[in-house]
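Descriptive structure summary
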Amino acid sequence: MNDALLRIRAIVATDFILRFRRTSTLVLFVAMCVLAFVSIPDPSANWTLMSVGEARALYNSPAIAFATAVNFSVLGIGLLSYYMISNSVKRDVVSGVGNTLAATAMRSWEYIAGKFLGNVAFLTALTLAYMLVMMLMVTVRGEAPLEPMVFLRTYALICLQGIFFVSVISLVFETIPILSSRIGDFIYFLVWIALGIAPVEQLEKINLARQQAGVAPTLSNVPIAAYIDVIGLGTSMSAINQQIGADSSKGLSVGASTFNPALPVVVIREVELPTAWIIAKALTTLGFIPLLAIALAAFHRFDPTRLRASAGRSKRNIVAALGAVLKPLSRLTTIFWGMIQSLLGGQGFVRIVAAEILLVFTLHPAALLALVGLNVAGIIAPIPKVQLPIAPLACLALVFFSADIGIRERQRGSSALLLSVPMMKEHFILIKLLAAWILGLTFALVPLVRLAFAAPGVAVSLAIGMFFLSACAVGIGIATGTAKTLIVGSLILFYLALNSNGREPALDFAGWFGSAVPMVQVGYAVAALGFVALGWSAHWWRTGRA
Amino acid sequence: MLVLDSVTKRFSSGVTAVNALSLRLDKGVVGLLGPNGAGKTTLIQMITTVTKPSAGTIFYNDVDIVKSPDAMRSRLGFLPQDFDVYDNLTAFEFLSYFAALKGVRSKARVGELLEMVNLHTVANRVASAFSGGMKQRLGIAQALINDPDVLIVDEPTAGLDPEERIRLRNILSEIGGEKLVILSTHIVSDIEAIATHIAIMAQSRLQAYSTPEELLRSAEGSVWKGIVSSESFDSLRSQIRISGAVRKPDGVHISVVSAHKPFEGAAQTEPTLEDAFLFTLQKAGADTRAEPTTGKRDKAGAL
């Protein structure tokens, strides 16, 4: 093996070890096992993994492989994995190892290739682990023999392209300063919607039209939507629809679906794509690799001059620019700092919570603008507008400005300093939780008061929804050590809630549509306590044992 | 042979970290001394090819390493100032990783180096849980793993206990017999026993480059010592720069680096290397009040 291959192999192996030894990977794997058990209910249950119309799909290997691979490809690979792997270069910068790496004979292209293959190896291993768990579920809940090769082929067909795509794009985003910031995280979320969801309907229509016209698929007539369907949802759904003669109007449902037990079960065969489509997908997959040239060109190779310039550029996003413009506003907070001293001087707990909230406004002057803007809008807008869009915007502000409230000191290495403050160590979780929640309530102060008179149930939902988001910010933040998980999770929740348009009361977590029943409100309050317990456990694990 | 010619590093902010520095270095231990912010780390980053100079050239064995950095990287061992390790990798794995990056294929070499820095008994422990001194020793091991021709260590004694410091100095001294070792520090005692040459940087420029003996000679007649009362010491401290002071029963024993007799009763004395360093900085017009520090004086209770 020549030196270049030796170096690439070392980078891949080290990345793989580092990721697999993280507690979060173990948590993820346990979550996958739980999800597998929950998502494939017993055939006698009143809901199922996959249904066609009102009929349940038989639990055979092709059906379970297809349904679980699609779910995993869309959410696991397409979305979550991006946020999991888009920190491999940053890790080398933050850990300080990058300085040492830069002075070795390792070439930049070897580093980028190693990181890319490390991403592919990690995601492939994760996919295989998930697939094995699902194969195990066939032996537990299956109604037909386990066919391992069907699983392998189906997962390869649906997931492989997404693995390559996310592995490349995460590296490209990470090396381009502006895209490596939170703005990049948000942009990727939009990319995921565009590439994951958009091609589905289009492919279904094209496929149906061609089927009716009797046009055979060839390499020359592969629809564009099939090329951009990098997470495999559109192509595999259209293939199954073709097989069972269904379309979206007849209701092919993957995930938790209700069904009529009186109807005979539908037997799904292995997903098969036209050869032309498979070739097209393979070509697109290979086509991602040249994009690594962008990552290579943008890679700073830990040069302090370029890193400094990168840091400057990554701050040149809209939020940071706004923050810079509004910086003078943060001086207003000095008045309140003085008030904390004089009014709350003797009350330690209240003073600390107030200081935490004030620190958010001092660090993020844009939060002051959000506070004023949302409350002024809350005064002048009619009640329906207060409910939507002002309440969702207040929730978004809460997520954005409190995402790092539980971890900012840890990220800056000043945890010990903070925990030495009287009462802080014992009440850390409660202080952070209250600070985040009260911060959220200040964004929605006027809307809450108006809703309390006009629609009390909605006001209660909004307050509980904000409590839920605050608990997530603290619990998830402390458990994972990053703000990304909360941002991604919240974006998915917001997306689902807005898309359901109030039809599904369980998704109306903050009362935006007024459809949340008391049971839903209680459910989110209990879930919030669960996240608080998670945060408390993680905090105790890190500090309490010392 | 490492030749730097008019090397300059200017940041986009307008700050010049290194200004037109020229130097020729051959084998031996070169102590790179200078106060914080003098430009030492930036100079080292340019020599190690981590960053490129804004102007000037750096040649190693007649190869321009700004244009062909691999010529230096393949023969380099580097311990940066803020060296750290990954979470969750053992010392053995971490060192094996760098061995692979540097093209070292022998696993025995990894074990050999761990033994050399006295980490062989904890080779399978996660390195991020190591103390600062242990991490620094692991850093030294990774710098030496490829048996480098040029070894560059930036502030290597940070976090090391006295025994480890001596051990490190011995290692560097031994390597310096055949190869080029550049040791950057602001602690004079780190280099006074082992440096064959000393380069002093201040205010982004090279202020002196000579052997320790020449440097000591340059400060002859400029170092004064004397005993003063505590009251006089307090007033003297505001008038002149005192390079060393130790309280004793008969008064405060002070030493001063100055071209003229600094106070009544002061007597000329032999300069130490630290005095010579301070003298060079004074000539350069650099602020010497906070720098440098020595282990010996710290322990003796410097004021």
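Residues numbered from 1 in each chain as written. Chains lettered and ligands numbered in written order. Predicted model: local features only at pLDDT ≥ 70, side-chain atom pairs only at ≥ 80, totals over all residues. Heavy atoms only, no water.

Digging into the nonpolar core
- Of all hydrophobic cores here, the largest spans 243 residues; its most connected members are Leu101, Phe443 and Phe509 of chain A together with Leu2 of chain B.
- Setting aside its immediate chain neighbours within four residues, Phe509 of chain A contacts Ser461, Gly465, Phe468, Leu469, Leu493, Phe494, Ala497 and Tyr524 of chain A.
- Judged by nonpolar contacts, the second largest core, of 11 residues, contains Ala245, Val252, Val256 and Ala266 of chain B. (Core = buried A, V, L, I, M, F, W, Y, C linked by side-chain atoms within 4.5 Å. Buried < 20%, exposed > 50% of the residue type's maximum accessible area, 1.4 Å probe, protein only. Contact = heavy atoms within 4.5 Å.)

Quick look at the sheet that holds strand E2 (residues 55-56) of chain A
All names here are of chain A.
- Taking strand neighbours across the sheet as the criterion, the three strands line up as E2-E1-E3 in an open arrangement whose pairing is antiparallel. In this open sheet, the two edge strands, each paired with only one partner strand, are E2 and strand E3 (252-258).
- Bridge analysis of strand E1 (residues 47-52) against E3 gives five bridges, and the strand direction is antiparallel. Paired with Ser51 across the bridge in E3 is Ser253.
- Contacts from helix H10 (residues 233-244) reach E1 and E3, with the element oriented near 90° to E3. (Pairing = 2+ DSSP bridges. Helix = DSSP H or I, 4+ residues; strand = E, 2+ residues; numbered from the N terminus. Axes fitted to C-alpha atoms, helices over the stretch in contact; angles between N-to-C directions.)

Regarding the domain arrangement of chain B
- Assigned domains within chain B: domain 1 (2-215) and domain 2 (219-300).
- Summarising the inter-unit geometry, the C-alpha centres of domain 1 of chain B and domain 2 of chain B are found 31 Å apart. (Domains from an automatic or database assignment.)

Considerations on the sheet that holds strand E2 (residues 16-25) of chain B
All names here are of chain B.
- What the four strands build is an open sheet, ordered E2-E1-E4-E5; its pairing is antiparallel. This sheet does not close on itself; its edge strands, each paired only once, are E2 and strand E5 (63-64).
- Bridge count for strand E1 (residues 2-10) against strand E4 (residues 55-60) is five bridges, and the pairing is antiparallel. Of the residues in E4, the one forming a bridge with Leu4 is Ile58.
- Across the sheet, helix H1 (residues 40-47) lies against E1, E2 and E4, angled at about 120° from E1, the strand it touches most.

What to know about the pairing of strand E8 (residues 180-185) of chain B
All names here are of chain B.
- Summarising burial for E8: six of the six residues are buried, a large majority.
- Taking every second residue as pointing to the same face, both faces of E8 are buried, with Leu180, Ile182 and Ser184 on one and Val181, Leu183 and Thr185 on the other.
- As paired elements, strand E7 (residues 150-154) and E8 share five bridges and run parallel to each other. Looking at E8, one finds that Asp154 is bridged to Ser184.
- One crossover worth recording links E7 to the parallel E8 by way of helix H6 (residues 162-176), and it is right-handed. (Right-handed = clockwise from strand over helix to strand, strands pointing away.)

Here we look at the pairing of strand E6 (residues 76-79) of chain B
All names here are of chain B.
- What you see with E6 is no split at all: Leu76 and Phe78 on one side and Gly77 and Leu79 on the other are buried throughout.
- Pairing of E6 with E7, which is carried by four bridges, proceeds in the parallel orientation. The residue bridging Gly77 from the neighbouring strand is Leu151, located in E7.

Looking at the packing of aromatic side chains
Residue and element names in this part refer to chain A.
- In this structure the tally under the stated criterion is 33 aromatic pairs over all chains.
- With centroids separated by 5.9 Å and ring planes inclined at 85°, the aromatic side chains of Tyr82 and Phe173 adopt a geometry described as edge-to-face. Of the two residues, Tyr82 sits in helix H3 (residues 61-85) while Phe173 sits in helix H7 (residues 148-175), which places them 91 residues apart along the sequence. You'll find Tyr82 and Phe173 in the same group, each marked buried.
- For the ring pair Tyr111 and Phe302, a centre distance of 5.6 Å and an interplane angle of 90° mean the geometry is edge-to-face. One end of the pair, Tyr111, is in helix H6 (residues 108-141); the other, Phe302, is in the loop between helix H12 (292-298) and helix H13 (304-314), and 191 residues separate them in sequence. Phe302 matches Tyr111 in its accessibility class, with the two residues each being buried.
- Between the NZ or CZ atom of Arg56 and the centre of the ring of Phe259, over which it lies, the distance is 5.9 Å.
- Cation over ring: Arg141 sits above Phe37, and NZ or CZ is 4.4 Å from the ring centre. (Phe/Tyr/Trp six-rings, centres within 6.5 Å; stacked < 30°, edge-to-face > 60°. Lys NZ or Arg CZ within 6 Å of the ring centre and 35° of its normal.)

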